[in-house]
Amino acid sequence: MVDQQMVMYEEEFKQISAICERLTREANAKAVLLVDKNGQYITSHGEIDNLDTTSLASLTAGNIAATSGLAKLIGEKEFPNVFHEGEKDNLHLSIVAQRAILVVMFDHRSSLGLVRLRVKKASEELAHIFNAMIAKAQTHAQGTPFAEITDDDIDNLFSE
């Protein structure tokens with residue numbers, strides 16, 4: 001199955017950013033980041049000034065990919081939530097709508113239970129936005145002269 005192309009417009013970006021800001025506040029998190037499953041940084045909120053967000057995004061995607069591989073080895077589809085506990089800081093990673101990864105960094109000011117509760121609500125809201133973005137992209141694509149061209153058509157064109 002080919003992934004549906006997502007196009008993010010300013011309106012959706014503002015909605016996503018607002019969800020991340022609210023999650024940071026409601027979960028007492030140090031920071032919240034949203035990255036796509038390919039490791040591309042989308043947005044963040046909170047204490048990120050001293051973070052290498054590009055590396056964090058890339059490593060998060062790699063972590064989720066590795067964890068998905070582990071899940072498949074033991075007969076699970078995936079592990080939708082991953083928790084890493086450190087001495088001072090913790091990371092909670094959550095797959096959102098099979099498209100993105102929500103990263104919540106928190107410390108002693110919060111708890112895993114609170115983070116999981118708030119992440120569940122935020123993930124549902126983000127999934128709704130992602131689904132709307134896909135529907136919008138499909139609607140826009142139908143009006144283009146390339147709408148009826150498939151990947152197989154392109155492969156056939158360039159094959160010998």
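Whatever comes next refers back to the structure up there.
Residues numbered from 1 in each chain as written. Predicted model: local features only at pLDDT ≥ 70, side-chain atom pairs only at ≥ 80, totals over all residues. Heavy atoms only, no water.

(A) The pairing of strand E3 (residues 81-85), seen in detail. Across five bridges, the pairing between E3 and strand E4 (residues 90-96) is antiparallel. Its bridge partner being in E4, His84 is matched across the sheet by Leu91. Hairpin connection, E3 to E4: the antiparallel pair is bridged by four residues. (Pairing = 2+ DSSP bridges. Helix = DSSP H or I, 4+ residues; strand = E, 2+ residues; numbered from the N terminus.)

(B) Focus on the nonpolar core. Counting residues in each nonpolar core, the largest one holds 21 residues, and the members touching the most others are Leu23, Leu34, Leu102, Val104, Leu126 and Phe130. The element that contributes the greatest number of residues to this core is helix H3 (residues 112-142), accounting for seven residues. What Val104 contacts, discounting residues up to four positions off in sequence, is Leu23, Ala29, Ala31, Val32, Asn90, Leu91, His92, Val115 and Val119. With 13 residues, the next largest nonpolar core counts Ala31, Ile101, Val103 and Met105 among its residues. (Core = buried A, V, L, I, M, F, W, Y, C linked by side-chain atoms within 4.5 Å. Buried < 20%, exposed > 50% of the residue type's maximum accessible area, 1.4 Å probe, protein only. Contact = heavy atoms within 4.5 Å.)

(C) Focus on the sheet that holds strand E2 (residues 41-46). As summarised here, the arrangement of the five strands in space is E2-E1-E5-E4-E3, forming an open sheet in which the pairing is antiparallel. Of all strands in the sheet, those bounded by a partner on one side alone are E2 and E3. With direction set aside, neighbouring strand axes in the sheet form an average angle of 15°. Pairing between strand E1 (residues 31-36) and E2: five bridges, direction antiparallel. Looking at the pairing, Ala31 lines up with Gly46 of E2. In the packing of helix H1 (residues 10-26) onto the sheet, the strands contacted are E1, E2 and strand E5 (100-106), and the crossing angle to E2 comes to about 40°. (Axes fitted to C-alpha atoms, helices over the stretch in contact; angles between N-to-C directions.)

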